[in-house]
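Understanding the architecture of this molecule
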Amino acid sequence: MKQSPEMDNLEAVLRSSKLVAGGFLGSDRRSVCEIIEEDRRRLDNAGVGCKELAGRMREITDAAKRQLGGCVKVSDRLEAWVEEAKGVLVCPWPHSGGILKRITTVRNVETGETVTWSDLNIHLIEEHGFFEGKGSAMRLEPGEIVKMIC
Amino acid sequence: MPVLVVSSIATFLTVLLVVAERYLVNYGECSIDINDGDKELKVQGGDSLLSSLTGEKIFIPSACGGRGTCGYCKVTVLEGGGPLLPTETPFLTRKEIAEDMRLSCQVKIRQDMRIAIPQELLAVKEYACRCSEIVDLTHDIKLFRFELVEPDAIDFVAGQYVQLFTPVYFRGGEEVYRAYSIASDVSEKGMLELIIRLVPCGICTTYCFEHLKAGDEVLLNGPYGEFCLSETDAPMIFVAGASGMAPIRSILCDMRNTQNRRKATYYFGANKVNELFMLDEMRQFEEKLADFKFVPVAASPGKDEQWDGEVGLVTEVVERGLKNASECEAYLCGSPGMIEACRKLLVKMGMGEDKIYFDSFE
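What you are looking at is a predicted structure, and each value in this text was computed from that prediction instead of being measured.

The rules behind these values
- Residues numbered from 1 in each chain as written.
- Chains lettered and ligands numbered in written order.
- Predicted model: local features only at pLDDT ≥ 70, side-chain atom pairs only at ≥ 80, totals over all residues.
- Heavy atoms only, no water.
- Helix = DSSP H or I, 4+ residues; strand = E, 2+ residues; numbered from the N terminus.
- Buried < 20%, exposed > 50% of the residue type's maximum accessible area, 1.4 Å probe, protein only.
- Contact = heavy atoms within 4.5 Å.
- Lys, Arg positive; Asp, Glu negative; His and termini not counted.
- Charge placed at Lys NZ, Arg CZ, Asp CG, Glu CD.
- Rg over C-alpha atoms; globule rule 2.2 N^0.38 Å.
- Areas by Shrake-Rupley, 256 points an atom, 1.4 Å probe, with all protein chains shown as cover.
- Buried area = accessible area lost by both parts, 1.4 Å probe.
- Salt bridge = Lys/Arg side-chain N within 4 Å of Asp/Glu carboxyl O.
- Polar contact = N/O pair within 3.5 Å; in protein donor to acceptor, adjacent residues only side chain to side chain.
- Nonpolar A, V, L, I, M, F, W, Y, C, P; charged D, E, K, R; others polar.
- Domains from an automatic or database assignment.
- Pairing = 2+ DSSP bridges.
- Core = buried A, V, L, I, M, F, W, Y, C linked by side-chain atoms within 4.5 Å.
- Axes fitted to C-alpha atoms, helices over the stretch in contact; angles between N-to-C directions.
- Parallel < 35°, antiparallel > 145°, perpendicular 65-115°, else oblique.
- Left-handed = near helix turned anticlockwise from the far one by under 90°.

1. A look at the overall build of chain B
Within chain B, the secondary structure is distributed over eight helices and 17 strands. In terms of overall dimensions, chain B has a C-alpha envelope of 70 × 45 × 45 Å along the principal axes. When the 362 residues of chain B are sorted by exposure, 51% land in the buried category. In chain B, 67% of the contacts between residues at least 6 apart in sequence involve partners at least 24 apart. Charge-centre separation for chain B: the mean point of 37 positive side chains lies 4 Å from the mean point of 54 negative side chains.

Spelled out as structure tokens, the structure:
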């Protein structure tokens, strides 16, 4: 799939470690457009849209952050907690605003399975449909996260 | 196909301009007047304001190494900065733009300039250090001790922070600086201690936790910040979580050294008991300070953890324990969420906003 020069520049930023250690694309050799397109198809198959999924993620993060690092029950089978660090992260797409360094972990109390996301993940999914590349430390698998929290 | 040709030409011309500016354009020597004559520098034009100031050992806080991604390196450019660039506007408020604030990493020196920076930044120095010890405090928090080599002593005020330089430690990495509060005693001028919590995917904390070893050389610069004790006699509460312990520990050491007799209560919160640390050292301050109480708080102790201390969110324990909020000052250090929750609570309890001090590093 052909990308615009702007997307080429963006991909260079995403592959570098300018903003986060290890970059956003991990070991994934696909182009950004291919990654976004394939993840969008997977999300469609799961019957959920990016904004809807990001909204659910934010709802869980908001509930957990009120516990200041403690655990909160977000449904019969899910509990969640957040960890925060000082400073802000910058979205690799060219627009204004910093995003707090906040990590949310959700655990299924029945299976012990966990999923972790950052506030930047929520923004990237909501605004750019981007779940990060395979092998990236904060990559989210669309089907898995929908199954877990929706 | 035409789009490809136009894009290629545009890219070629851009590269040509950058190369020409870098190697062919000579701006000559330019002067930078700082704070209306407090200091005047003579620098070679063509570099960014940030790198030129750094070259002259004037350190402006910057987390991204001058790549225009953190927005921290703001200075007031009164003359000679040229027009505001699109790369700066996302990081500046309307008020800051009206006040001639600029990102010093984006401003090129092409002519004489007049700038204003906070006076205390002129006292900031770079310190070559050796990491002498790394101590595990919890599963994701460590104490790092650095012996100062050159210069071999530092003056700072308890509560201030330094910036730790992170070298490139993996392919495609970038040099960055990150801010950490000083945890050590002001009177021990030949060393600095930092308490650092691992941030998942954090460039600097990953370096500290996985690459930095005792004996390694590191660079720090500082001190920075205005988070320090007021000069009143008002009773105080300290509220901290996790690595927020650092500046409070330094302040308590200073209170001990100066025989400060102010009444103080320190609420130190964590989720589990095994995430609380330095408990014995903090309890010793109860004996060494005139009127000090230490209150460690565990939000939800594990079933296998023995704990007879306070249980609940640190804000809940503060609400239960603090009886005279309107007469007190508060010093907060921890996650942005904890700081915001405490700030709201204390205001609700009658404390003036101007009596609540915190260093959010945002």
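2. A closer look at the overall build of chain A
A count of helices and strands for chain A gives five helices and four strands. Secondary structure elements in chain A, listed N-terminal to C-terminal, are α-α-α-β-β-β-β-α-α. Relative to the compact-globule value of 15 Å for 150 residues, chain A shows a C-alpha radius of gyration of 15 Å, a close match. With the principal axes as the frame, chain A shows a C-alpha extent of 45 × 35 × 25 Å. Per-residue burial for chain A yields a buried fraction of 54% across its 150 residues. Pairs at least 24 residues apart make up 56% of the contacts formed inside chain A by residues separated by at least 6 positions. Counting only carbon and sulfur atoms, one obtains 49% of the accessible surface of chain A, whose full area is about 6700 Å². If the 22 positive side-chain charges of chain A are averaged to one point and the 24 negative ones to another, these points end up 2 Å apart.

3. What about the interface of chain B and chain A?
Every contact between the two is made by 33 residues of chain B and, on the other side, 29 residues of chain A. Both sides together, the interface formed by chain B and chain A hides about 2400 Å², and carbon and sulfur atoms give 66% of it. Of the charged contacts, one joins R197 of chain B and E83 of chain A as a salt bridge, the two residues approaching to 3.5 Å between their closest N and O atoms. Inspection of the chain B/chain A interface yields two residue pairs in polar contact (both at pLDDT 80 or more). Elements with a minimum of two residues in the side of chain B that touches chain A: α1 (2-23), α7 (314-321) and α8 (336-348) of chain B. Split by residue class, the side of chain B that touches chain A holds 16 nonpolar, 11 polar and six charged.

4. What to know about the pattern of salt bridges
Per the stated rule, a full pass over the model turns up 40 salt bridges over all chains. A salt bridge links E84 of chain A to R102 of chain A, with the nearest nitrogen and oxygen atoms 2.8 Å apart. Placement of the pair is E84 of chain A in strand β2 (residues 78-90) and R102 of chain A in strand β3 (residues 98-108), with a sequence separation of 18 residues. Under the relative-accessibility criterion, E84 of chain A is labelled buried at 11%. Since its relative accessible area comes to 9%, R102 of chain A is described here as buried. Across the pair R102 of chain B and E88 of chain B runs a salt bridge, and its minimum N-O distance is 2.8 Å. Note that R102 of chain B is positioned in strand β4 (residues 101-103) and E88 of chain B in the loop between β3 (74-79) and α3 (94-98), a separation of 14 residues in sequence. For R102 of chain B, a relative accessible area of 7% gives the class buried. Several salt bridges converge on common partners, so that one network encompasses D28, R30, E38, D39, R42, K134, R139 and E141 of chain A.

5. Focus: the domain arrangement of chain B
Examined at the domain level, chain B breaks down into domain 1 (26-121), domain 2 (124-224) and domain 3 (236-358). One C-alpha centre belongs to domain 1 of chain B, the other to domain 3 of chain B; they are set 39 Å apart.

6. As for the sheet that holds β2 of chain A
Residue and element names in this part refer to chain A. Read from one edge of the open sheet, four strands run β1-β2-β3-β4, paired in antiparallel fashion. Strands at the two margins of the open sheet, each flanked by one partner only, are β1 (72-73) and β4 (114-118). Bridge count between β3 and β4: five bridges; the pairing is antiparallel. Bridge assignment links V106 to a residue of β4, and that residue is V115.

7. Focus: the nonpolar core
Residue and element names in this part refer to chain B. F146, I195, F238, L252 and Y266 are the most contacted members of the largest nonpolar core, which totals 61 residues. It is helix α5 (residues 245-257) that provides the largest number of residues to this core, a total of seven residues. Residue contributions to this core reach at least three from each of two domains, namely domain 2 (124-224) and domain 3 (236-358). Filtering out sequence-adjacent residues up to four positions away, I195 remains in contact with L137, I141, K142, L143, A183, S243, M245, A246, F277 and M278. In this structure, V43, L49, L50 and I58 belong to the second largest nonpolar core, which totals 26 residues.

8. Points about the pairing of strand β9 (residues 176-181) of chain B
Residues and elements named next belong to chain B. Here β9 lies mainly inside the structure; five of its six residues are buried. Of the strand pairs in this sheet, strand β8 (residues 161-166) and β9 are connected by six bridges, and their pairing is antiparallel. Residue Q163 lies in a different strand from β9, and its bridge partner there is A179.

9. Here's the deal with the sheet that holds strand β15 (residues 310-311) of chain B
Residues and elements named next belong to chain B. With parallel pairing, six strands are arranged side by side in an open sheet as β15-β14-β13-β12-β16-β17. Both edges of this open sheet fall to β15 and β17 (356-358), since each of them pairs with a single strand only. In the sheet, strand β12 (residues 236-241) pairs with strand β13 (residues 264-270) via six bridges, with the strands oriented parallel. If you follow V239 over to β13, its bridge partner there is Y267. Lying over the sheet, α7 contacts β12, β13, β14 (292-298) and β15, oriented at roughly 155 degrees with respect to β13.

10. Considering the packing of helix α3 (residues 50-65) of chain A against helix α4 (residues 119-128) of chain A
All names here are of chain A. Running from amino to carboxyl end, α3 crosses α4 at an angle of 160 degrees, the nearest separation of the two axes being 8 Å. In terms of axis orientation, α3 runs roughly antiparallel to α4. Like other packed secondary-structure pairs, α3 and α4 cross with a definite hand, here left-handed. Packed against α3, whose contacting residues are C50, K51, L53, A54, M57, R58 and T61, the element α4 presents D119, N121, I122, I125, E126 and E127 at the interface.

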